[in-house]
Structures are given as structure tokens and as C-alpha cells.
Amino acid sequence: MLDWFGNYEKRFREMPDLIMAPHPRVVEEMREAGFDASGVVVLGNPHFDRLKQFRYVPSNGPKKKVVFYSQPLEMHGQKPTEKQALLALVSVLERLREEGWDFELVLRPHPRENKTWLKEWLKVFPCTSWNEGGESLLPAMNASLVVGVNSTPLYEALWLGVPTVFYQGDVLLLEKEVREILTGRKKFAPDPAVAGFNATEKCFCFLVGLAAGIARKKAA
């Protein structure tokens, strides 16, 4: 079961028979990359069932909170890199500030990345704060927008209906989506495909069925 499917050519020299995915978005992404997605089964992730204890309550204040979840894409040769994505995000936030919007930008580093470059933005961009350690979802729980790549915190946010933008792909599209969400032109709602989703039960039923199928094949 994988949550981030980038860099397919290197990660899948030979496609496995079955891939368990956390969200329907993964299936769409694999098709767009030219892979046969017929073996991808959307089962959620048992980890996500714990999200039932959380409730997303967006801030009603004048300042909009934007959370950037960084991911070490550069070391994997992925584009846009985390640096390009943050630059695009800051660029659109700067233009919106000039139009009268007010923001708090929260930077959340990935555990495996060198955080030095990210910390430099604390000096460069006004109203920027740092978040590291503890529950990865908490910074998003009252955010106006979260931005990141296809990693667990982004899917957690989607599950709870937090406005979410994935930065894997075209940075111009990233800027467009960020502007539309923060200015209210694009509305976000909880994904009906995952509402009331019990991933633990679904995964267990799938594995029981898979084991029974294997047993029947061996007996034949």
C-alpha cells in the first residue's frame, strides 16, 4: 500500500499484480502517467479511520492560514521540486497580499529532507511560522488551504474536507487553484467517495477474500 505514486518508471520496473491505494485520486494519477490502473484497488488506509476523532473547523478570521507540507522531491528527480512549488505558492500569495488579502504561511518540513532551505523562508516571507513534530494533521485543522504532494497528510486533509491543492504537476495550475480557493471562487466539500469510509473493515474484507481466492487456486 503506497500513498505517493510519483516516479513510476523507477519505482515500478515490473508492475505488481495488485496495488492498494488510499484514494481514488491515485487511480486517476496512474492513468494520466500512462500506467495500467486495472490492478489498483482503492481501500483507503486503516490509519485514516482514526480521523473520526477530528473535525475540520475553518477559521473565520480575516487572516487566511495556508499550510505548506514539504516533500523531498528534488532528491528523487521529481518536478516541480519542493523549492519550485513553494516559490510558486509564495508568488501567488504575494500578489494576493497586494490585492488586500492577509495570510499566515505555515511551513511543515518532511522528516527526510534537509530543512535548511525551508527555514530561509522564515526570514524572507512575512507572517511565516514553523511547524515540526507532533501530529502532522493538526496544522491543517483550521487552515484555509493546505498545499503539498501526494503524501499522507494531504489525503488526511481530503478525508476531512480541508481545501487541498496537490503541487505535483504544473506550477501554473498550482497558482490558479490556490488563487481560486483563497478568493472563494472555488468551494471545497468533503469527498462523497470517502464519507463514512471504514478503511479497516474494507481492507480486512479484501484480504480475507484474497486469501480465500489463493486457497481455491491452490486446491484446484
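Quantities reported herein were computed from a predicted structural model and do not represent experimental measurements. (Residues numbered from 1 in each chain as written. Predicted model: local features only at pLDDT ≥ 70, side-chain atom pairs only at ≥ 80, totals over all residues. Heavy atoms only, no water.)

### Structural notes on unusual backbone geometry
Item 1. The phi angle at Cys127 is positive, at roughly 55°, despite the residue not being glycine.
Item 2. Examined against the element boundaries, Cys127 turns out to sit in the loop between α5 (121-124) and β5 (128-130). (Helix = DSSP H or I, 4+ residues; strand = E, 2+ residues; numbered from the N terminus.)

### Concerning the packing of aromatic side chains
Item 1. Scanning all chains against the criterion turns up two aromatic pairs.
Item 2. Their ring planes at 10° and their centres at 5.5 Å tell us that Phe68 and Tyr167 sit as a pair that is stacked. Here Phe68, found in strand β3 (residues 63-69), pairs with Tyr167, found in the loop between β7 (164-166) and α7 (171-182); they are 99 residues apart in sequence, far enough to count as distant. Judged on exposure class, the residue Phe68 and its partner Tyr167 are both buried. (Phe/Tyr/Trp six-rings, centres within 6.5 Å; stacked < 30°, edge-to-face > 60°. Buried < 20%, exposed > 50% of the residue type's maximum accessible area, 1.4 Å probe, protein only.)

### A closer look at the pairing of β3
Item 1. For β3, the tally of buried residues reaches five of seven residues, placing the bulk of the element in the interior.
Item 2. Relative to strand β4 (residues 102-108), β3 is paired through seven bridges, and the arrangement is parallel. The residue of β4 that forms the bridge with Val66 is Leu105.
Item 3. For the handedness criterion, the β-α-β arrangement of β3, helix α3 (residues 82-98) and β4 is classed as right-handed.
Item 4. The sheet contact formed by β3 and strand β6 (residues 145-148) spans three bridges and is parallel. Each residue of the ladder has a partner; that of Phe68, found in β6, is Val147. (Pairing = 2+ DSSP bridges. Right-handed = clockwise from strand over helix to strand, strands pointing away.)

### Digging into the sheet that holds β3
Item 1. Read from one edge of the open sheet, five strands run β5-β4-β3-β6-β7, paired in parallel fashion. The two strands at the open ends of the sheet, each matched to only one other strand, are β5 and β7. The sheet shows a mean angle of 20° between the axes of neighbouring strands, direction not considered. (Axes fitted to C-alpha atoms, helices over the stretch in contact; angles between N-to-C directions.)

### A look at the confidence of the model for the chain
Item 1. Averaged over all residues, the pLDDT of the chain is 83; the fraction at 70 or higher stands at 89%.
Item 2. Mean pLDDT values over the elements of the chain span from 61, in helix α1 (residues 8-11), up to 95, in β5. (pLDDT = per-residue confidence, 0-100.)

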